[in-house]
Structure formats: structure tokens, C-alpha cells
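Coordinate analysis (summary)
So the chains spell out like this:
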Amino acid sequence: MKNVIAVANQKGGVGKTTTTVNLGVALTLMGKKVCLIDFDPQANLSSYLGYDDKAGTPNINEMMAMMAQCGRIDDKGKSCIIHNEKNNIDYVPSDINLSSAEFYLSQALARESVLKRVLSADYFGGYDYILIDCLPSLGVLNMNALTAANGVIIPVQPQKFAMDGLRWLTDIISQVKSTVNPSLGIMGILPTMVDNTTVMSRETEAALREIYGDTVFENRISRSVDAAYSSQTGKSLCLETNAKHTKLGEEYKALAEEVVKRCIL
Ligand code: ATP
Ligand code: MG
């Protein structure tokens, strides 16, 4: 059985997409088979990986709609997985039409388990890790991500208001676990964009570690302009050879080691 990890936080701009891409690439460098799912209508992960929407292949919205409406995926399903050469990683793209999912899912049977059923197709079976890049909300799409996953990584930017909403998210994860998905657990809270030069960043990270203890990853991701540079070039931070760009890459590689250790499977 594969590890399905949702990278989730309803707060926007905390590093979910950057973490999904770079943790995914770091896991492939450890020899793991990884597929990334862009589960956000903003499609930032798809554009990070240079997705060309003229390719005509089905995206995650079409897979979700087909499963919700027909209860199965037809033979074209496998072509939703795209291989990104530059980063040597597989992913399923998204587009703005995924924002219509709220509508068609409202009429679907067992609407929170549609993604789980999509990911149960044979062609997802060969992956060691499936990482789901969630959108910043707590609606029906993220309920689908939490129902499909067995682990959640919560990126948190240690700054004012970071804690607001975190308790709410952890409560929702507990509710999903006790109702529809008993195998769900928080894999870890990940401090991102950490800036040790500011008191706010240091104090908020310390408070996170005091409140959430070992649930917070030992590893953290520093703030660096290299993150934006990586998304512009479409090349993971973990693959940069130029010394200038290695710090975040090394941090994501260390995180990948910790994720592998924390995986029960
Ligand atoms: P959304 O909620 O909109 O989906 P997100 O949580 O996925 O956002 P990202 O898109 O990964 O967040 O990051 C938001 C912005 O912060 C991007 O411009 C990204 O390049 C930048 N960023 C991500 N990680 C870091 C970092 N470690 N240091 C500095 N900037 C970063
Ligand atoms: Mg994002």
C-alpha cells in the first residue's frame, strides 16, 4: 500500500505548493516512486512544473467529475499522469475548472471519498508516495484530500496569526479520522519560511514546538528568495548544483528523510 500525504493548511501562501514539489523531488532522489497531485484550482503546482494545458490530457478535475458522475474512470484515466522531465517526477495537473467541483460533488454519492476512489486506480498503485497539494480552504475538495490521505503535512509560517486556524485544522483532521478515514494522522507540522533574524519567527516557532511537541518536524524550511527563483525556472531546489541555491534544497532533502522515518508503511 502506498503513502498518500495531503499537504494542507487553509491559510494561503504558507508554502504548501513549494513543499509538495520539493519534498516530492527529494523523495525521488531517495529512490522512491512519487506522484504529485495538483488539487488546487489555482494550479500553481502545474505551472511550477511547466504544464502545458494544450496537451489535451485529462486533469484532476476531469478525473473527479468522471468518478463523481459515472462511478468509474474510463481507459483514458492513465493519461492524466504526466512525467516532468526536468525534475524526473510524475504529476497530475489541475486547472481553474476544479473550482466547479463544489457544484458537481454536492450531487455525488459519498462525495468526500471521490478522490480516494480516483487514486485507487491500478496506475496509482505503483507509487511509494502520492503527495496532494491542497488549496487554501476547508471545503469539500480538502475533505476529499483528507479522506484519501493517510498522513497530513501542515506547513506553517511562524509569524503573527500562524496559530489561528491551526487548532481548527487539527480538529477537522480528528473529525475526519473518527468518521470517514480511521487511517488518517498528522505526519507533521512543518515550519516554513523561517527567518531566525526576527523575534516573531523565533518566538512563534518556539510556541509551536511547545504546544504541538513532536508533531512538529525536527526539520524546518528557511526563508529564501531561492524558492521564488525555483518556481520561475521550474527546477526543484533539490536539483540546483550552484552553491547559491543549495540551502533550501538540503533542507527539503533532510525533511524527506524525516518523512520516510515517520511513515508507518
Ligand atoms: P496557496 O495557499 O496560495 O496555495 P501555498 O501555501 O501553496 O499558497 P506557495 O505557493 O508554496 O504557498 O508559496 C507562496 C509564496 O511564497 C510563493 O511566492 C513562494 O515562492 C514563496 N515561498 C515558498 N517557500 C518559501 C521559502 N522557504 N522562502 C521564501 N519564499 C517562499
Ligand atoms: Mg499552493
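Just above, that's the structure.
Everything quoted here is computed from the prediction, not taken from an experiment.

1. As for the site of ligand 1
Residues in close proximity to ligand 1 total 18 residues, the closest being Lys16, Thr17, Thr18, Ser222 and Ser224. Here Gly13 contributes a backbone N or O atom positioned 2.9 Å from an oxygen atom of ligand 1. Between ligand 1 and Gly15 there is a distance of 3.0 Å, counted from an oxygen atom to a backbone nitrogen or oxygen. Compared with its free state, where it exposes 630 Å², ligand 1 has 80% of that area covered by protein. At a threshold of 2 Å from the grid points, most atoms of ligand 1 map onto the largest pocket. Mapped by element, the contributors of at least two residues to the shell around ligand 1 are α1 (16–29) and α9 (226–233).

2. Considering the nonpolar core
Ile37, Phe39, Met64, Leu105, Leu119, Phe124 and Ile132 are the most contacted members of the largest nonpolar core, which totals 54 residues. Counting residues per element, this core draws most heavily on helix α3 (residues 60–70), which supplies seven residues. If you look at the next biggest cluster of nonpolar residues, it comprises 31 residues, including Val25, Val34, Leu49 and Val259.

3. Describing the layout of surface pockets
The method is simple in principle: a probe with the dimensions of a water molecule rolls over the atoms, and the space it marks as empty is what remains. There is about 430 Å³ of room inside the largest pocket. Around the largest pocket, the lining is made up of 27 residues, and of these Gly13, Val14, Gly15, Thr18 and Met193 lie nearest the centre. Listing elements by their share of the lining of the largest pocket, those giving two or more residues are α1, α2 (44–48), β5 (129–134), α9 and α10 (246–262). Looking at the lining of the largest pocket residue by residue, the class counts come to 12 nonpolar, 11 polar and four charged.

4. A word on the sheet that holds strand β2 (residues 34–39)
Pairing within the open sheet is mixed, and its seven strands lie in the order β3-β4-β2-β5-β1-β6-β7. Bordering the open sheet on either side are β3 (82–84) and β7 (185–191), each of which pairs with just one other strand. Ignoring which end each strand starts from, the neighbouring axes of this sheet average 25° apart. As paired elements, strand β1 (residues 3–7) and β5 share five bridges and run parallel to each other. Bridge assignment links Val4 to a residue of β5, and that residue is Ile130. Of the strands in this sheet, β1, β2, β4 (89–92), β5, β6 (151–156) and β7 are in contact with α1, which crosses β5 at around 165°. On the sheet, helix α6 (residues 140–148) packs against β1, β2, β5 and β6 and is oriented at approximately 160° with respect to β5.

5. Observations concerning the pairing of β5
For β5, a buried count of six out of six residues is recorded, marking the element as mostly surrounded by other parts of the structure. What you see with β5 is no split at all: Tyr129, Leu131 and Asp133 on one side and Ile130, Ile132 and Cys134 on the other are buried throughout. Bridge count for β2 against β5 is six bridges, and the pairing is parallel. Each bridged residue has a counterpart across the sheet, and for Val34 the counterpart in β5 is Tyr129.

6. A few points about the pairing of β2
Summarising burial for β2: six of the six residues are buried, a large majority. Alternating residues of β2 divide into Val34, Leu36 and Asp38 and Cys35, Ile37 and Phe39, and every residue in both groups is buried. Relative to β4, β2 is paired through three bridges, and the arrangement is parallel. Paired with Ile37 across the bridge in β4 is Val92.

7. Looking at the side chain of Asn144
Tracing the sequence through the fold places Asn144 in helix α6. For Asn144, a relative accessible area of 0% corresponds to the buried category. In this structure, Asn144 is in contact with Phe39, Met64, Leu105, Arg111, Glu112, Ser113, Val114 and Leu115, ignoring residues within four places of it in sequence.

8. Quick look at the pattern of salt bridges
Pairing between side chains becomes possible if they bear opposite charge and their charged atoms approach one another. Taken as a whole and judged by the stated rule, the model has four salt bridges. The salt bridge involving Glu250 is made with Lys253; its shortest N-O contact spans 3.4 Å. Of this pair, Glu250 and Lys253 both sit in helix α10, three residues apart, roughly one helical turn. According to the relative accessible area criterion, Lys253 is partly exposed, its value standing at 28%. Its salt-bridge partner being Glu258, residue Arg262 comes within 3.3 Å of it at the nearest N-O pair. Of this pair, Arg262 and Glu258 both sit in helix α10, four residues apart, which is roughly one turn of the helix. Given the relative accessible area of 27%, Arg262 is considered partly exposed. Judged by its relative accessible area of 7%, Glu258 is buried.

Calculation notes
Residues numbered from 1 in each chain as written. Chains lettered and ligands numbered in written order. Predicted model: local features only at pLDDT ≥ 70, side-chain atom pairs only at ≥ 80, totals over all residues. Heavy atoms only, no water. Near = heavy atom within 4 Å. Polar contact = N/O pair within 3.5 Å; in protein donor to acceptor, adjacent residues only side chain to side chain. Areas by Shrake-Rupley, 256 points an atom, 1.4 Å probe, with all protein chains shown as cover. 1 Å grid on protein atoms, 1.4 Å probe; cavity = no way out; pocket = protein on both sides within 12 Å on 5 of 7 lines; lining within 4 Å. Sits in = over half its atoms within 2 Å of the grid points. Helix = DSSP H or I, 4+ residues; strand = E, 2+ residues; numbered from the N terminus. Core = buried A, V, L, I, M, F, W, Y, C linked by side-chain atoms within 4.5 Å. Buried < 20%, exposed > 50% of the residue type's maximum accessible area, 1.4 Å probe, protein only. Points joined across faces, edges and corners; volume = space filled by probe spheres on them. Nonpolar A, V, L, I, M, F, W, Y, C, P; charged D, E, K, R; others polar. Pairing = 2+ DSSP bridges. Axes fitted to C-alpha atoms, helices over the stretch in contact; angles between N-to-C directions. Contact = heavy atoms within 4.5 Å. Salt bridge = Lys/Arg side-chain N within 4 Å of Asp/Glu carboxyl O.

Functional significance is not addressed by these values, which are geometric in nature.
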